[in-house]
Amino acid sequence: MKRICALVLCVFALNACNQSDPDIDKEEVIDEVEEVEEEEEEVPTSEPITTNIRAFMFGHSLMVHEPPAIATPSNETTIPHWIHFLSDAAGYDFAANGQYGFLPQHQNTPPISQWGFDHVNSAWDSDLSTFDQANFNTILLTAGNFIQYQPATENYYGENFTPVDATANIVNWCLGQEEQMTIYIYENWPDMASFLHNDFPPNASEFEAYNDYTRGEFHQWWLDYQDRVREAVPNGDVKMIPVGPILAKLLTDINALSGISMTELYEDDTPHGRPTIYFLASLVTYMSIYGTPAPAEFVVPITVHENVRDNYEAIVSFIWTELEAFDFDDGSSRIW
């Protein structure tokens, strides 16, 4: 309603301009219309592809960072924490477990239920039941963020297998436990240390170079990685969630977010994030696995930076647009 009223007033002002009212500047009115449209952007809507997620995560600290260097009230530096509250606001079901490691370790199946969270429902206790009894329908897995100096089809240093081999081993094992699982590659964000001439935090030019790399060469590595995994596991439904590149775009393309200081986003050069980064990463992940925008009625807690809280609708709309355009060359979605 606020947007409609403002636009009506702007229309009257433009009409006055057209009638040569000397007291009204037409360019200022046009600017005001554009500002109203930007400020009052609404969260898009779409029917979800599922309302029930039971996820197991083969991950590391860019999914679950515990404990953070700066203490938080709960598990705010983890993506399951935020996905739980987003799904709860939407009325969806979410349960999750996982384990810490990198692909070479994760391929040593079966996994264990290592991760638990204060608020997130658990789907599995590995001390009491087997993986197949947990009825997982979603797998999230991720590679290291420091191995992109060579293709995913080349052997790990000192090993006789590649990241693609290790991933295929994990995926094939999971599909052997439950055929109807969706596999998501969680594309994280790169190590920051090589972009810093001095210690953390980065200056403006260093952060710009970091984000350019995240959207460019780093992202291409993950695209090639997904393609090769899909070839290696043709019977698997292997999707990918472009978390890192979307974060890089958010933090540079949305003016309100570009003003957040580095130390309020990250805590080191790895870079482990603070709650705001994991909240933004969870938005991308939530929208990918449920196939629908984050709920418009969600109230972002104060543990997330105020610039994100104040621009929640614009952020959700931005992410949704990015996800809708994340396609293979043939136009089919890399996510859905």
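Preceding this paragraph is the structure being described.
Note that this is a predicted model, so its numbers are computed, not measured.

Conventions we followed
Residues numbered from 1 in each chain as written. Predicted model: local features only at pLDDT ≥ 70, side-chain atom pairs only at ≥ 80, totals over all residues. Heavy atoms only, no water. Phe/Tyr/Trp six-rings, centres within 6.5 Å; stacked < 30°, edge-to-face > 60°. Helix = DSSP H or I, 4+ residues; strand = E, 2+ residues; numbered from the N terminus. Axes fitted to C-alpha atoms, helices over the stretch in contact; angles between N-to-C directions. Parallel < 35°, antiparallel > 145°, perpendicular 65-115°, else oblique. Left-handed = near helix turned anticlockwise from the far one by under 90°. Contact = heavy atoms within 4.5 Å. Nonpolar A, V, L, I, M, F, W, Y, C, P; charged D, E, K, R; others polar. 1 Å grid on protein atoms, 1.4 Å probe; cavity = no way out; pocket = protein on both sides within 12 Å on 5 of 7 lines; lining within 4 Å. Points joined across faces, edges and corners; volume = space filled by probe spheres on them. Salt bridge = Lys/Arg side-chain N within 4 Å of Asp/Glu carboxyl O. Buried < 20%, exposed > 50% of the residue type's maximum accessible area, 1.4 Å probe, protein only. Pairing = 2+ DSSP bridges. Right-handed = clockwise from strand over helix to strand, strands pointing away.

*Asks:* What am I meant to see in the packing of aromatic side chains here?
*Replies:* Where two aromatic rings form a pair, the distance of their centres and the angle of their planes describe that pair. Under the counting rule described, the total for this entry stands at 28 aromatic pairs. Their ring planes at 90 degrees and their centres at 6.1 Å tell us that tryptophan 124 and phenylalanine 136 sit as a pair that is edge-to-face. With tryptophan 124 in the loop between helix 4 (103–106) and strand 3 (138–141) and phenylalanine 136 in the loop between helix 4 and strand 3, this pair connects stretches of sequence that are 12 residues apart. Among the aromatic side chains, those forming a connected cluster through ring pairs are Phe195, Phe207, Tyr210, Tyr213, Phe218, Trp221, Trp222, Tyr225 and Tyr266.

*Asks:* Looking at this structure, I do not really get the packing of helix 8 (residues 243–253) against helix 13 (residues 312–324). What am I missing?
*Replies:* If you want to describe how two helices pack, look at the angle between their axes and the distance between the axes. Closest axis-to-axis distance for the helix 8/helix 13 pair is 11 Å, and the angle between their directions is 135 degrees. It follows from the interaxial angle that helix 8 and helix 13 lie oblique. Classified by chirality, the crossing of helix 13 by helix 8 is right-handed. Residues Ile246, Lys249, Leu250 and Asp253 of helix 8 form the contact with helix 13, whose participating residues are Ile315, Phe318, Ile319, Glu322 and Leu323. When its residues are assigned to classes, the contact of helix 8 with helix 13 shows six nonpolar, no polar and three charged.

*Asks:* Before we go on, may I ask you to explain the layout of surface pockets in this structure?
*Replies:* To find leftover empty space, one rolls a probe the size of a water molecule over the atoms. The calculated volume of the second largest pocket comes to roughly 170 Å³. Residue lining of the second largest pocket: 13 residues in total, with Gln150, Pro151, Ala152, Trp221 and Asp224 positioned closest to the centre. Looking at the lining of the second largest pocket element by element, the count peaks at six residues for helix 7 (residues 217–232). Across the lining of the second largest pocket, the residue classes tally to seven nonpolar, three polar and three charged.

*Asks:* Is there a simple way to think about the pattern of salt bridges in this case?
*Replies:* Working definition: two side chains of opposite charge can pair if their charged atoms are close together. Scanning the model with the defined rule gives five salt bridges in all. Linking aspartate 212 and arginine 215 is a salt bridge whose minimum nitrogen-to-oxygen distance equals 2.7 Å. Here aspartate 212 and its partner arginine 215 are both found in helix 6 (residues 204–215), three residues apart, which amounts to about one turn of the helix. By relative accessible area, which is 39% here, aspartate 212 ends up partly exposed. Look at arginine 215 and you get partly exposed, because its relative accessible area is 29%. The salt bridge partner of arginine 334 is aspartate 227, with a shortest N-O separation of 3.1 Å.

*Asks:* Would you take a moment to explain the packing of helix 6 against helix 8 for this structure?
*Replies:* Remark: helix 6 packs on helix 8, axes separated minimally by 8 Å, with the N-to-C direction vectors making an angle of 140 degrees. Classified by the angle their axes make, helix 6 and helix 8 are oblique. Between helix 6 and helix 8 the crossing geometry is left-handed. Of the residues in helix 8, those touching helix 6 at Phe207, Asn211, Thr214 and Arg215 are Gly244, Pro245, Ala248, Lys249, Leu251 and Thr252.

*Asks:* Is there a simple way to think about unusual backbone geometry in this case?
*Replies:* A negative phi angle characterises most non-glycine residues, just as the trans form characterises most peptide bonds. Following glutamate 66, the chain continues to proline 67 via a peptide bond in cis, the omega torsion being -5 degrees. Along the chain, proline 67 turns up in the loop between strand 1 (52–59) and helix 3 (79–90). Phenylalanine 200 connects to proline 201 through a cis peptide bond whose omega is 10 degrees. Among the secondary structure elements, proline 201 is positioned in the loop between strand 4 (182–186) and helix 6. For asparagine 135, which is not a glycine, the phi torsion comes out positive at approximately 60 degrees. In this structure, asparagine 135 sits in the loop between helix 4 and strand 3.

*Asks:* What's the story with the pairing of strand 4 in this structure? I'm lost.
*Replies:* Looking down a regular strand, the side chains alternate between one sheet face and the other. Among the five residues of strand 4, five are classified as buried, and the element is accordingly described as predominantly covered. Neither face of strand 4 is left uncovered, since the one carrying Thr182, Tyr184 and Tyr186 and the one carrying Ile183 and Ile185 both have all their residues buried. Relative to strand 4, strand 3 runs parallel, the two sharing four bridges. Bridging from a neighbouring strand, isoleucine 139 pairs with isoleucine 183 of strand 4. In this region the chain leaves strand 3, passes through helix 5 (residues 163–177) and returns to the parallel neighbour strand 4; the handedness of that crossover is right-handed.

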